Structure formats: C-alpha cells, structure tokens
Amino acid sequence: MDAFIEPVATLFGGAWPLVWSLLKIIGIIAPLFLCVAYLTLAERKVIGYMQVRIGPNRVGPLGLLQPIADGVKLLLKEIIVPSGANKGLFIVGPVLALGPALAAWSVVPFSDGWVIGNVDAGLLFLLAVTSIEVYGVIIAGWASNSKYAFLGGVRAAAQMVSYEIAMGFALVCVLMISSSLNLSDIVASQGKGQGAELGLGFLSWNWLPLFPMFIVYLISGIAETNRAPFDVVEGESEIVAGHMVEYSGMAFALFFLGEYANMILISALTSILFLGGWLSPVSFLPDGFVWLALKISFILFLFLWFRATFPRFRYDHIMRLGWKVFIPLTLFWVVVVAVWIMSPLSLWK
Amino acid sequence: MDFQSIVFYFFSTVMVLASLRVITARNPVHAALFLVLAFFSAGGIWMLLHAEFLAIALVMVYVGAVMVLFLFVVMMLDINLERIRQGFWSYLPVGALIGVLMVVEMVMVLGGRYFGLDAMPKPAEVEQGYSNTKELGRLLYTEYVYPFELASIVLLVAMVAAVALTLRKRKNVKIIDPAEQVAVKRDDRVRIVSMRAEKE
C-alpha cells in the first residue's frame, strides 16, 4: 500500500496531506450514501415482508434499482420556496440537517487504526456534533412559514434536547469503565476481561455489564433520529410531515439522507460503544471490519423492526419516558457503576 | 503568517461579525442564530489554545442545548418591532451611559497588566499522550474541589428554585397520569354484562 501511495504523494508535494484527507473523506462518504440508498430499499423490503407484502420489485432485478430511480426522480424535481418563507434559512435548513450527520463520521473508527481523526476527545466531539443536528429541523420548521412545519420544529427541539441528556449519561457510564474518551481505546478496552480470556469475547463487551444503559442508549438513539415509534416530529397523521412539509425535490432528499445517515451513525456508535466495534465475538475468528458491519446491520434491522411493530407514542408519553424514566435511571446507574468500579468486584482492573 | 494565525484570524473575524449581527439583526430568530455562530467560532478559538474539552463543552452546552431552548422561545414570540422602537430616543441616554461604562470597564480589564501578551504567554507545546480532559478533571477534583462543589450546589439550588417558582398544580384539569394509564387492568374499564337477546 505504501509503495503505491509514495509516488502519488510526491506528485502533490506540500498539498498531499490535504489531498489525502479529502480522499479519505470521499472514501467514507461515498459508501455511506450508497448504504443510505440501500437502507431505504431494505426498510421498504423488510417492512413489506413483515406486513406480508412483497415491497418494491419493479425497477431492476428484485427491485434493486429502486433507490436509484427514487434519487433521480428527486434530483429532477423543482424546489419550490413558499412565498412567505425566509428564503436564506429555508435553504440552510436541509444543509444543516445533513452536515453534522456526515461530520460525525470523522472520528468513527472502522477497524484498528481505520479512522480519519483519531482524536482524544472523540466521544465528546460526537456528543457535540449530534447535539447540533437539531438545528436543521428547527430552522426548516421556522423558515417554512407554515404551522405544520413549525409544530414539527418545536417538537423536534423538545424531543432531541430531552433524550440527549439520557444519552449523555449512558455514555458517561461507558467512558467511566473504559477511562477514555477515544473511541478506538473504548473498543480496545472491551477486548479485555474475563470473557475475553475464556475465548468468548462478546461476554466482556460493554452491553453485558451496562445492559440497562445499552437499552437506554438504543431507545434514546431511536428518539434522537426521530424514527418510529418516536416520529412525532414528522407524524404524518397529525402534522402531515412536520418540518419537511414545504420541501420538495433535492431539499427534501437532503432531509431524507440526513435521517438515514443519522440512523447508520447511531447504529455504528451503539456497535462501537456497547457491542465491541470491530472485535470478533469468539477468539478463534479474526477481528475485522466485517464484524462492525454485521453489528451495524443488526441494529439497523432493529430500527426497521421497531417501525413495523410499535404504534407511535403519544407526545406526553415521549416526554415522560425521557424525563421521568430515563434520566433518573441513568443518573442512578452512573452512581452504581462508580461504586462498582471502586469495589473489589470491579471487572475493569 | 503560519496556518494557526490564519485560522485564528478567520475564527475571530467570523466571531466579531456574528456578534455584531446579534445586536443589529432585526429578526430575533436571526439574532439567535448569529449568536450560535459566535459560540461556534469561540469554540474554534479555544480549540487553538489546546483547550479541546472546553471547546467541545462550549459547543455541546451552549450550541446544543441552551441556544436550542432560546430559539424555541424566540420562535414563538410575536415581536412587533414598531412597538419596541417607540421609546428609543427617551431610552437612548441611559443606554448610551451604560454602554460607555461597559467600554471603560473592558478597557480597564483588557488594557491592564493582567491581559498583556507577556501576562498571557502562548500555551506550551503539548507532549505526546497529554490529555486536556484528564488534566482538567484532575484539577477540578483535587485543587479546586471545594469551589467546584460549591458552584454545583449553587446551580442545584437555582434549578430547584426555578422549578418551584413555575410549578403550579391546577385542580380541575382532566390530565391523565400516564403511570396510572399504563397500569390499568381490563376490569377497571370493561364490565361484561350477561344479557339475554331481546325480540323486537
């Protein structure tokens, strides 16, 4: 690999670090968009089969070209800006919805050393980036100058702020037991422990000792990405499509891409923080990116499964679950984990 | 000019312009969004000082939570600019006085001997394996543990006070407690009556 890169590097000279970073970014974003496209197909197929339907099967073999057809259709549509809309912010909204979802991938490790920025405060960076995702939705909701869109924006603000706190506390537990904010270190610390010594690595991953936090993180992740059963932000039976109601064509597609990129991001984070990232579950199989991909796919499947299974939560129930159930539970568990680490029963010596 | 200076001047320019727009923007939502931009640039400048924890915490707390709630409120306000402008000239002398006072104070603070280039040297180059977060945590929980705990208690009291001030229980509302709702049994709601069929 190095012998191949060397001559290209000398060609660009001083600009090489910039070019190399750009190449790495393209190397992540292009497959990510492909994954997003096929996640939409997977969603329609999975939910179709769960509801005893076939799902899309007309475009290409088995309907495999359906996402491409959808994308082309959205590209060719006109973007209509409503007459009373705040034009600048109306355009900025979808951009802000997608931007953070892509920026977060810069610190996500795909395998040992496969990461764009191996920063020390990676987990904090992720928390910060995911917390600014809500701006896209709020700005879009306000700038559209429509009551449905505005209601969607307000709901999104309240919901995301509420679930972020529970998510943050769940992450505090993770970083307490791995004593690092670096995502690669967090994965590495899950490879040690009694389970790993027996050859059953999956027993020493974080999901087992932190099982309640794993569940809280997963559910908060679904709420953060505004997916069913927490999709009151879009809630088509109540407020049509929420913040997206005035958007058409590519502007709408950006929201769509942002939502699915976020789903993949949350799945990747859950896999890295609780399911051992790229580590193999048993010692006789090698570690590698394949495991991370499998774990991400499993969590994404859960997302789709939940959507097909649960009816939408009522708004006050969502708020109650966030503030009155998850936050006290996670606060309590932070104390429990702190005592556990200091006690002789600690698993993380 | 090296790369760091370019980045510094870029962030500073953006921050100063955004802060100016916060007070000159006519639309309160635009003003709030410019404030977000100002916070973001401040985070960038702190990052240049190797204070990565503080920089990210600034973005997380102020941009991610505080300003979202600000926007939340500001978006719902129906502000009539004409009415706000009505008393502009009568308030101007007082406002100008306060403004001048603040400028004088800032000059005294920033121009004094505590803020010169010699009082604030460039942060030392960090060695390999230095973690800003770890260092900050160590300082907070050893050297500054009493001020830190005191500050958190003050915040807690403020939080409890805010909740206590706004908490009001109305008697005659028909709100249903979700906890009761979840725990409901079939027998509480349905009564099965055995009844013979009636002929017309």
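Residues numbered from 1 in each chain as written. Chains lettered and ligands numbered in written order. Predicted model: local features only at pLDDT ≥ 70, side-chain atom pairs only at ≥ 80, totals over all residues. Heavy atoms only, no water.

Hey, could you run me through the environment of B:Phe34 in this one?
Residue and element names in this part refer to chain B. Along the polypeptide, Phe-34 turns up in helix H2 (residues 28-48). Taking relative accessible area as the criterion, Phe-34 reaches 25% and is therefore assigned partly exposed. When the C-alpha atoms of Phe-34 and Met-75 are compared, they prove to be 14 Å apart, with 41 residues separating the residues in sequence. Among residues more than four places away in sequence, those in contact with Phe-34 are Ala-18, Arg-21 and Val-22. (Helix = DSSP H or I, 4+ residues; strand = E, 2+ residues; numbered from the N terminus. Buried < 20%, exposed > 50% of the residue type's maximum accessible area, 1.4 Å probe, protein only. Contact = heavy atoms within 4.5 Å.)

Is there a simple way to explain the interface of chain B and chain A in this structure?
In many analyses, interface size is given as the accessible surface area lost on bringing the parts together. Taken together, the contact pairs 26 residues of chain B with 26 residues of chain A. Together, the buried faces of chain B and chain A total about 2,200 Å²; carbon and sulfur atoms form 76% of this surface. At the boundary of chain B with chain A, the tally comes to zero salt bridges. Counting across the interface, chain B meets chain A through two residue pairs in polar contact (both at pLDDT 80 or more). Contributing elements (two or more residues each) for the side of chain B that touches chain A: H2, helix H3 (52-76) and helix H8 (178-182) of chain B. At 14 residues, H3(B) tops the list of elements feeding residues into the side of chain B that touches chain A. Here the side of chain B that touches chain A is built from residues that sort into 19 nonpolar, six polar and one charged. (Buried area = accessible area lost by both parts, 1.4 Å probe. Salt bridge = Lys/Arg side-chain N within 4 Å of Asp/Glu carboxyl O. Polar contact = N/O pair within 3.5 Å; in protein donor to acceptor, adjacent residues only side chain to side chain. Nonpolar A, V, L, I, M, F, W, Y, C, P; charged D, E, K, R; others polar.)

What's the story with the packing of aromatic side chains in this structure? I'm lost.
In this description, an aromatic ring pair is defined by two values, namely the gap between the centres and the angle between the planes. In this structure the tally under the stated criterion is 19 aromatic pairs over all chains. On the basis of an interplanar angle of 40° and a centroid distance of 5.0 Å, the ring pair of B:Phe39 and B:Tyr62 is categorised as tilted. Of this pair, B:Phe39 sits in helix H2 while B:Tyr62 sits in helix H3, and the two are 23 residues apart along the sequence. Note on B:Tyr141 and B:Phe148: the rings are 5.3 Å apart at their centroids and 75° apart in plane angle, and the pair reads as edge-to-face. Three or more aromatic residues joined by ring pairs form one cluster here, namely A:Trp207, A:Phe211, A:Phe214, A:Tyr217 and A:Phe274. In this structure, A:Lys295 is placed above the aromatic ring of A:Trp205, and the distance from its NZ or CZ to the ring centre is 3.9 Å. (Phe/Tyr/Trp six-rings, centres within 6.5 Å; stacked < 30°, edge-to-face > 60°. Lys NZ or Arg CZ within 6 Å of the ring centre and 35° of its normal.)

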